[in-house]
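Breakdown of the fold
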Amino acid sequence: MRAADWCRSSAGAALVLATSSDAEHPAENVADGSSKTFWTTTGMFPQELIIGFPKCVKISKVAIQCYLVRTLRIERSTSKDPVGFEQCIEKDLQHREGQLQMEEFPLPEFQATYLRFIIKSAFDHFVSVHRVMAEGTADNT
């Protein structure tokens, strides 16, 4: 079975929660598959967003395209509702002036119905998240 990006709205992903809102740069932009659109935070940290999948999926790699993020934590849930999250990874990202941060996290394959991306700290007062990706296959069990 071919791996798909389960964080895309075209794959059935839904934005469940975002801790900040900007009318010109809404959080839904992270799931549209484009690096040209983005979600911008409104200050204060931590900030988070939760993506829900249309079914339980097996994830083997998670990635993010962002700007000015210092510390990122990614968590997963296999619950029917977005609760009971477990940490997958936490990492300090490198800042490259004028360039998007493109981070890939190859992980041991895991099941998830939700992913939570927590921006714990930043290099500035605001950050942008352009895309989040979760590569994997449908769980048929």
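I will try to describe carefully the structure that is included in this document. This structure is a prediction, so every number in the text was calculated from the model and none was measured. Numbering of residues starts from 1 in every chain and runs along the sequence as written. It should be noted that, the model being predicted, local features are given only for residues of pLDDT at least 70 and side-chain atom pairs only at 80 or more, the latter also being counted only at that level, while totals for whole chains, interfaces and linings use all residues. Side-chain calculation: all heavy atoms of the structure are included, whereas hydrogens and water are not.

What follows is about the pattern of salt bridges. Whenever a carboxyl oxygen of Asp or Glu lies within 4 Å of a side-chain nitrogen of Lys or Arg, that contact is scored as a salt bridge. Under the criterion given, the structure shown has ten salt bridges. In this structure, R131 engages D5 in a salt bridge whose closest nitrogen and oxygen atoms are separated by 3.3 Å. Note that R131 is positioned in strand 8 (residues 128-138) and D5 in strand 1 (residues 4-5), a separation of 126 residues in sequence. Given a relative accessible area of 15%, R131 falls into the buried group. Residue R73 is joined to E75 by a salt bridge in which the shortest nitrogen-to-oxygen separation is 3.4 Å. For E75, a relative accessible area of 7% puts it in the buried group. If you follow the salt bridges from partner to partner, you end up with E48, R73, E75, E90, R116 and K120 in one network. In this description a helix means any DSSP run of H or I spanning at least four residues, a strand means any run of E spanning at least two, and both kinds are numbered starting from the N terminus. Burial classes: relative accessible area under 20% of the type maximum marks a residue as buried, over 50% as exposed, and values in between as partly exposed (1.4 Å probe, protein chains only).

Now for the environment of H130. Within the fold, H130 resides in strand 8. For H130, a relative accessible area of 9% translates into the label buried. Linking H130 and E48, residues 82 residues apart in sequence, is a C-alpha distance of 14 Å. Reaching out from H130, the side chain makes a polar contact with the backbone oxygen of S35 at a distance of 2.8 Å. The definition of a polar contact used here is a pair of N or O atoms within 3.5 Å, where within protein one atom must be able to donate a hydrogen and the other to accept one, and adjacent residues in sequence count solely through side-chain atom pairs. A distance of 3.0 Å separates a polar atom in the side chain of H130 from a polar atom in the side chain of S128.

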